[in-house]
Amino acid sequence: MADGTSTTIDLPRRVRAAGPKNSGFSRFLQRRSTIAVLLCSPLIVLVGALVIYPAFYAIYLSMLNKKMTQFIGFGNFTFLFKRDTFKLVIFQSTLFAVSAVLLKALLGFVLAHLMHNIPGRAQRIWRGLLLVPWVIPLALSCLGWWWLFDPSYSAFNWILGQFGIDPVPWLGRGWSARICMIVVNVWFGTPFFLIMYLAALKSVPEQLYEAASIDGASAMQKLRYVTLPMMRNIISITVLFSLIVTFADFDIVRLLTAGGPENMTHVFATYAFVSGIQSGDIPLGSAISLFMVPILGVAAFFVLRGVTQRTKEIGA
Amino acid sequence: MSKKTLSRRSALILGSTAAALPLVHIRTAGAAGKLSIGFWDHWVPAGNDAMKKQIAAFSEKHKVDVQADFITSVGSKNLLTIAAEAQAKTGHDVQSFPSWEVHNNADNLEPVDDLMKALMGKYGEVSSSATYLGRVKGRWMAVPSSSGSQNKPPCARISMMKDMAGLDVKAMYPSAGGGPGKQDDWTWDAFLKAAEACQKGGKPFGIGLGQTTDSEDFAGALFAAYGAELVNAKGDITVKTEPVRQVMEYAQKLVKVLPPDAVSYDDASNNRALISGQSALICNPPSAWAVALRDNKTIAEDCWTISMPKGPKGRMVPSLFYLWGIWKFSPNKSAAKELIMFLSERENVEERCAKVLGYDIPPFDSMLDFKIWEDVGPPKGTVYNYPIRKEHGAIPWVAMSPAPPEIAVQAYNQGIHSTMFAKLKSGQTIDQTMAWAQNELEGFVR
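Residues numbered from 1 in each chain as written. Chains lettered and ligands numbered in written order. Predicted model: local features only at pLDDT ≥ 70, side-chain atom pairs only at ≥ 80, totals over all residues.

### Re the interface of chain A and chain B
You'll often see interface size given as the accessible area lost when the parts meet.
Then, in step 1: Taken together, the 22 residues of chain A in the interface contact 31 residues of chain B.
Then, in step 2: Sorting the residues of the side of chain A that touches chain B by element identifies α5 (84-116) and α13 (268-278) of chain A as the ones contributing at least two each.
Then, in step 3: If you tally residues by element for the side of chain A that touches chain B, the top one is α13 of chain A, at three residues.
Then, in step 4: Classifying every residue of the side of chain A that touches chain B gives nine nonpolar, nine polar and four charged. (Contact = placed C-beta atoms within 7 Å. Helix = DSSP H or I, 4+ residues; strand = E, 2+ residues; numbered from the N terminus. Nonpolar A, V, L, I, M, F, W, Y, C, P; charged D, E, K, R; others polar.)

In structure tokens form, the structure reads like this:
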């Protein structure tokens, strides 16, 4: 520990003093760093096998021709840039991810504040209830939404029908289908923001608000000059994490529209599936799925750098 | 008491005898090796049971330990399994390859010309669509199977077609012994008139325009009936041709009378449209009728399967086949071939077909006379015209054929035909739609 309160224990020296049997190897094994690595090794192996290897394999695949017999470098990527449908996929993925994340962040922020002000037991009940969408497996909740939007027997249309309004083909028109996708993603993902922001709010020292009140700060000023600066790191990390996950979303689009109508709801993952698995062009599918990696990588770099800098400023 | 010790020699003899025991043990089911096969998980549960029974009989007869897995096509799990096995070069010995997957995986498959020669010698001609899907560069790379193979002809409501469109579907396509049908007038123009009439009557034809197999199969058959090819057999893009424009002009009228949500139809939407009584006609295998029989018997009793309408170039019936292929990496190819031969025997095909109420279409023309299609009902003979019969003068058709399969598979799975119709429905012009198709297909020809 580097907080200045801990006492360093010279374990190897003490062990050495205990007897002549301690070899260099056993000293090596008893080092804290060695123990740490050994304890982490199952996880390292798991991450290597299930994340790092597949990632590099996907990069390798994306550089092969359709038959996977020839190395073609960035051929698949340059090909994709020429395709109108792929341009539509880029637009749709960006629209889907950015608007869904912004809405989730906004709703999560508002809900977290509302929740923070609910006292005691009632807060626990509301917290539990609001977490339900996030707890239900996404595939199942998507089926529920699909029944609500169902082309022929939509529950929403039934309600509209009660008021004499014509049925709406929710998933049958490009823009309404796109909005439906975003709505479902926001419904599912908002509780994650809520819980993160609520945790962040609870960690803001009450004294800061008291001091602000003494200085005559309004509620908006407290939000702007106390709450937001204290939550900046959490907001950045949550938005980054959610952006990555939302860009990689598959279930919602696959289950609700399978990319239709007229390819207008395809996102990278669903289009990669159609091109790679269903159409038998695995290298092209890999290229599609890797398309956002550099952009998200750069975004992650800057966001995390900002977080580190702010942490240092707070610590200084 | 004498103390008997075990000498080193005795121990060696005993040990070697014990080790040899498993080599001479009684022959069991696995004596001729192990075999694993991935079947398609049948929509009709009885289909899996019938298959299991036949596998057990084969296992017993040939002393092969067979492991049969039934892999669902829901969520394309079967495609994922095939892709994973092809990458890993390990897995099942035999796989059920849906339609295009034989071409996609031809390099990893064991040729089965010997099996096909024997089967064709015994049962005659193979369906032309099965041939298109199973033969790669002149060689059979998989054996067409009946399990899961299907046609998608119209399943019409007898009363609605009579009352709204003035068509007697039972007279057009009678059941066994019903004499010659009055099918000559069943053309795409007649289809359009009937669709318009039923739409006016509030029961539109449940034809989807989504990017799904049902939608694409229907649209592909319509294109073919007009001789319209988006890509020809040589791989040239032939979108900007007169037959394609003709189809577009026809489709512009048809899409107007399809349900407003047709573009968001999935493969179950048309079934639901029929079963709920909302639609006068859908194009589907008899599974929709079978579910209606379970859930809404009155509707099932009013269903009659007929053949596809006729166009200038013929009467094309949407057709899809599953094929059994043996991976090159299979360690037990001979047993795999024996199993495929066994399952392809007429009596076994017929037994399975009967269990699934006639859903499965056999690949051999000589097997299209199974009794089940005559007997099943109500109404009796409702699916008699589900298999293509000689009197239909119809041709089984795979959407996007005769394009080279490596191009066709992409165009099929991305629903180019049906998306063209969807674009017309959304108000785009014929020229815009054809330009879009041209651009898309250029991406597939590379």
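### Focus on the sheet that holds strand β9 (residues 303-305) of chain B
Residue and element names in this part refer to chain B.
Then, in step 1: The three strands are arranged β8-β7-β9 in an open sheet whose pairing can be described as antiparallel. Of all strands in the sheet, those bounded by a partner on one side alone are β8 (281-283) and β9. Across the sheet, the mean angle from the axis of one strand to that of its neighbour is 20°, orientation sign disregarded.
Then, in step 2: With three bridges joining them, strand β7 (residues 154-157) and β8 adopt antiparallel strand pairing. Paired with C155 across the strands is I282, a residue of β8. (Pairing = 2+ DSSP bridges. Axes fitted to C-alpha atoms, helices over the stretch in contact; angles between N-to-C directions.)

### Structural notes on the pairing of β7 of chain B
All names here are of chain B.
Then, in step 1: Side chains P154 and A156 of β7 all project onto a buried face; the interleaved residues C155 and R157 project onto the opposite face, where all are buried too.
Then, in step 2: Where β7 meets β9, three bridges bridge the pair, whose relative direction is antiparallel. For R157, the partnering residue across the bridge sits in β9 and is C303. (Buried ≥ 20, exposed ≤ 12 C-beta atoms within 10 Å, placed from the backbone.)

### Remarks on the confidence of the model for chain A
All names here are of chain A.
Then, in step 1: When pLDDT is averaged along chain A, the result is 87, and 91% of the positions lie at 70 or above.
Then, in step 2: Mean pLDDT values for the elements of chain A range from 49 in helix α1 (residues 11-18) up to 94 in α5.
Then, in step 3: Here residues 1-9 scores under 50 on pLDDT; set against residues more than four positions off or in separate chains, the count is one contact.
Then, in step 4: With pLDDT under 50 throughout, residues 14-18 is counted as low confidence; its partners more than four residues away or in other chains account for four contacts. (pLDDT = per-residue confidence, 0-100.)

### Some words on the packing of helix α11 (residues 242-254) of chain B against helix α20 (residues 430-444) of chain B
Residues and elements named next belong to chain B.
Then, in step 1: Where α11 meets α20, the axes come as close as 10 Å, and the angle between the chain directions of the two elements is 125°. With respect to α20, the axis of α11 lies oblique. Crossing of α11 against α20: the hand is right-handed. Contact residues: α11 offers V244, R245, M248, E249 and Q252, while α20 offers I430, T433 and M434. (Parallel < 35°, antiparallel > 145°, perpendicular 65-115°, else oblique. Left-handed = near helix turned anticlockwise from the far one by under 90°.)

### Focus: the nonpolar core
Then, in step 1: If you look at the biggest cluster of nonpolar residues, it comprises 142 residues, and the most contacted ones within it are A142, A221, L339 and A411 of chain B.
Then, in step 2: Sorting elements by how many residues they give to this core places strand β10 (residues 315-326) of chain B first, with eight residues.
Then, in step 3: In this structure, A411 of chain B is in contact with L230, V231, M400, A403, I416, L441 and F444 of chain B, ignoring residues within four places of it in sequence.
Then, in step 4: V89, A177, C180 and L198 of chain A belong to the second largest nonpolar core, which has 48 residues in total. (Core = buried A, V, L, I, M, F, W, Y, C linked by C-beta atoms within 7 Å.)

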